[in-house]
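Okay, here's what each chain looks like letter by letter:
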Amino acid sequence: MLKYLAKRIGRSLITLVIILTIVFCLLRLMPIEGYFPNYEKMTPQQIQVGLEEMGLTDPLPVQIVRFFKDLLHGDLGTSRIYRANVAVTEILADKVPVSIKLGVFSMIVSLLIGIPMGALMARYKYRFFDKLGTMFIVCIQAIPAAVYFLYIQLYGTQILNVGLLFDINNPKYWILPVLSMSLNNIAFYGMWLRRYMVDESNKDYVKLAKAKGVSEGGVMFKHIFRNAFVPLAQYIPTAFLNTVIGSIYIESLYSVPGMGGLLVTVIKKHDNTMVQGIVLLYACVGVLGLMLGDVLMVILDPRISLGKKEGDR
Amino acid sequence: MAEKMLTVENLEIKFDLRGKKLNAIRGISLDLYKGEILAIVGESGSGKSVFTKSFMGLLEQNGKVTDGTIMYYGCDDGVPVELTSLKKEKEWYKIRGHEIAMIMQDPMTSLNPLKTIGAQIMEAVLLHQHLNRAEAKAKTLEYLKDVGIQDPERRFEQYPHEFSGGMRQRVVIAIAIACNPQILICDEPTTALDVTIQAQILDLIKELRHKYKLSVILITHDLGVVANIADRVAVMYAGDIVEIGTSEDIFYDPRHPYTWALLSSLPQIGVKGENLFSIPGTPPNLFTEVKGDAFAPRNPKALKIDFIERPPYFEVSPTHKARTWLLDPRAPKVDPPEVVEKIRNGGLI
């Protein structure tokens, strides 16, 4: 297991380096306007001097090596346009925690509601609670999020007696964004857990457990639940890490100063160093999420052994 | 004869399938005695599994006992329980496992893949025997040894995927035994196993029956298995027991045409160039009411009355009865096929 992890981390690092190199090279092909906030007013000489200062006239391999060297020191470069002459790390350090906090709260809420909901729906299949849950899931899936987000904001702020816009220091203001963000995930976890549990409950080992004399509730939670949870578990680390990326719609709706939509904004503004920094973040999240997902699967399911070759028994 | 464990009287089970009624079990009566191995044979779809599942309240949701009673006499307090009157799941908990345990057909799928086999056996011990965890574990190790699993301490911690099919069936048997039941239902316990393993599993069942004083109901469609192990045999056809008797009765003196046909379909050693016997036709459609003897349409020697009225049980001997008009004193003499003679002379099995 440890050996496997070491290997996996090594491979992940290589993947990251490749992603960053490709993005770095592609960004060098972008127009040079993106390095100067006041490009139109500058003379060709000024531009040339500016580029040389930033080291952009050096050969590409030299630039790449320098980029990775800086990266090792935790330096992602400086934003040129989005917030001129502020370090990218500093900008991200402001925004990332807000998005993560919002996202993690929402994940916790979704898991705490979605998982029991799915389990209870499977337990009382075709009964009232199951139908109610199905109705909720269908509504969430069928109505565009933008519509119910607006209603939640409109009526929720009245009910809670809070302003329309986010106040990071007032816990009451966190409720509505977290709730809005959770709804979709609650439906997701509820739907899949119910489905996996219903699938499992038709298996032979469940019949044997019943024949053993295990009570219905015992069968559900001691036998079925864990088996049904394994396929879901794989996605949970990714979901947690993805909270870094933030939610474009919710954050703009409540004016949350988070990461939501930041990548799109900086691409539009040709702020190349910012793009690099954010892509690095996203790539890390993706690679790490997959890895943790696999590790979690191994912990939960003894049949999966990552250390050995496939087909080994 | 020995003490009765279970009496089934005139049991009828119907399934609701898309608005239509399927008559799965059509009026079966049966006694199970203490310590015996009763084999139930019959082709697929004859209702063998459904019949025994009803003893444990494990019928699918659309299946219902519509008539008849099942009485169970093995409870510790000696009070007979009418199993057919148990309605709620909760009432079944004291029967399932505790009184009647079951071994299923496919050991590859009947164990929970995420729990160690130790935990799965121990779950049964903890449920049905009032022991603490340490005692239960010791007991579990004992059961593992009993079912012939070497090195039980190490095996206890292993998961089902680390066991072969035969070993898994041994674990399933250990689970059933760990419930400490009176009756053990084995639903085709060897069907999914390698032929070389089958005999071992049957021997194990035989051995455990003595050790734990079990009454065993063995469901199978393999007459070879039956000859090997059963004390009594019930032949099922289309949701009914058409003939029941001791193993000797059924193999050496079969009376029902269906039993004859079954015995004729046994592959015979040393006969070359002849097609294997197969019973013509298909079992009746159980969605419609079966008239007369259910086997009559497939029986070339059927009598006229076979198509009109359902035969009652005729007693051949105190242990042996069959549901066929051939046993009526008025019936013409119909000779059993030659295979019966062959078996009697020891030419087969």
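For every chain, the first residue of the written sequence is number 1, and numbering continues from 1 onward in sequence order. As a convention, the first chain written is A and the first ligand written is 1, with the rest following in written order. Owing to the predicted nature of the model, reporting of local features is limited to residues with pLDDT of at least 70; listing and counting of side-chain atom pairs is limited to 80 or more, with chain, interface and lining totals taken over all residues.

**Quick word on the overall build of chain B**
No. 1: Helices and strands together make up the secondary structure of chain B, namely 11 helices and 12 strands.
No. 2: Each principal axis of the C-alpha distribution contributes one length, and for chain B these read about 65 × 50 × 45 Å.
No. 3: Our exposure labels follow a C-beta count within 10 Å of each residue's own C-beta, placed from the backbone: buried means 20 or more other C-beta atoms, exposed means 12 or fewer, and partly exposed covers the counts in between. Burial status across chain B gives 44% buried among its 349 residues.
No. 4: In chain B, the proportion of contacts linking residues at least 24 apart, taken out of those at least 6 apart, comes to 65%. Numbering of helices and strands runs from the N terminus; a helix is a DSSP stretch of H or I covering at least four residues, while a strand is a stretch of E covering at least two. By definition, residues are in contact whenever their C-beta atoms, placed on the basis of the backbone, come within 7 Å of each other.

**Overview of the interface of chain B and chain A**
No. 1: Facing the 26 residues of chain B at the interface are 18 residues of chain A.
No. 2: Of all the secondary structure elements, the ones that give two or more residues to the side of chain B that touches chain A are helix H2 (89-93), strand E6 (100-103), helix H3 (117-128) and helix H6 (165-178) of chain B.
No. 3: Of the residues forming the side of chain B that touches chain A, the biggest block, four residues, is contributed by H3 of chain B.
No. 4: In the side of chain B that touches chain A, the residues fall into 15 nonpolar, seven polar and four charged. When residues are sorted by character, Ala, Val, Leu, Ile, Met, Phe, Trp, Tyr, Cys and Pro go into the nonpolar class, Asp, Glu, Lys and Arg into the charged class, and all the rest, Gly among them, into the polar class.

**Looking at the sheet that holds strand E2 (residues 20-33) of chain B**
Residues and elements named next belong to chain B.
No. 1: If you walk across this open sheet you meet the four strands as E2-E1-E4-E5, and the pairing is antiparallel. The two strands at the open ends of the sheet, each matched to only one other strand, are E2 and strand E5 (81-82).
No. 2: Pairing of strand E1 (residues 4-17) with strand E4 (residues 63-72) involves eight bridges; the strand directions are antiparallel. Following the sheet pairing, Lys 14 is matched in E4 by Lys 64. Any two strands with at least two DSSP-identified bridges between them are counted as paired.

**Side note on the sheet that holds E6 of chain B**
Residue and element names in this part refer to chain B.
No. 1: Spatial ordering of the open sheet is given by E6-E7-E8-E3-E9-E10-E12-E11, a layout of eight strands whose pairing is mixed. Unpaired on one side and paired on the other, E6 and strand E11 (314-317) mark the two borders of the sheet. Here the strands of the sheet are splayed against their neighbours by 20 degrees on average, with no regard to which way each runs.
No. 2: Here E6 runs beside strand E7 (residues 183-187); their pairing, made up of four bridges, is parallel. Counted as the bridge partner of Ala 101 is Leu 184 from E7.
No. 3: The convention used is that axes are lines fitted to C-alpha atoms, helices contributing only their stretch in contact, and that angles between N-to-C directions extend from 0 to 180 degrees. Contacting E6 and E7, H6 crosses the sheet at an angle of about 175 degrees to E6.

**Describing the packing of helix H5 (residues 128-142) of chain A against helix H7 (residues 175-201) of chain A**
Residues and elements named next belong to chain A.
No. 1: Contact pair H5 / H7: the axes reach a minimum separation of 9 Å and the direction vectors enclose 130 degrees. Classed by the angle they form, the pair H5 and H7 counts as oblique. Between H5 and H7 the crossing geometry is left-handed. Contact residues: H5 offers Gly 133, Phe 136, Ile 137, Ile 140 and Gln 141, while H7 offers Leu 183, Asn 184, Ala 187, Gly 190 and Met 191. Our angle categories are set so that under 35 degrees counts as roughly parallel, over 145 as roughly antiparallel, 65 to 115 as roughly perpendicular, and the remainder as oblique. Crossing handedness is defined as follows: a turn of the near helix away from the far one that is anticlockwise and smaller than a right angle gives a left-handed crossing, while the clockwise case is right-handed.

**Here's the deal with helix H4 (residues 133-146) of chain B**
Residue and element names in this part refer to chain B.
No. 1: Multiplying 1.5 Å by the helix residue count minus one yields the expected span of that helix. Across its 14 residues, H4 extends 20 Å between first and last C-alpha, which sits within 8% of the 20 Å expected from 1.5 Å per residue.
No. 2: Those residues of H4 lying buried are Ala 136, Thr 140, Tyr 143 and Leu 144. The arc enclosing the buried residues of H4, seen along the axis, measures out at 100 degrees, which places them on a common side. What points out from H4, more than 90 degrees from its buried face, is the exposed set Ala 134 and Ala 138.
No. 3: For H4, the elements touching its buried residues are H3, helix H5 (152-156) and H6.
No. 4: Gly 148 sits one or two positions beyond H4 and adopts a positive phi of about 85 degrees. Along the arc lie the directions from the helix axis toward the C-beta atoms.

**Quick word on the pairing of strand E10 (residues 240-246) of chain B**
Residues and elements named next belong to chain B.
No. 1: Judged by how many residues are buried, E10 sits mostly within the fold: six of seven residues are covered.
No. 2: Bridge count for strand E9 (residues 232-237) against E10 is six bridges, and the pairing is antiparallel. When the bridges of E10 are listed, Val 233 appears paired with Gly 245.
No. 3: Linking E9 to E10, which pair antiparallel, is a turn of two residues; within it Ala 238 sits at a positive phi near 50 degrees.
No. 4: Pairing analysis gives two bridges linking E10 to strand E12 (residues 320-322), with the strands arranged antiparallel. Residue pairing in the sheet places Ile 244 in a bridge with Lys 321 of E12.

So yeah, pure geometry; function would need other evidence.
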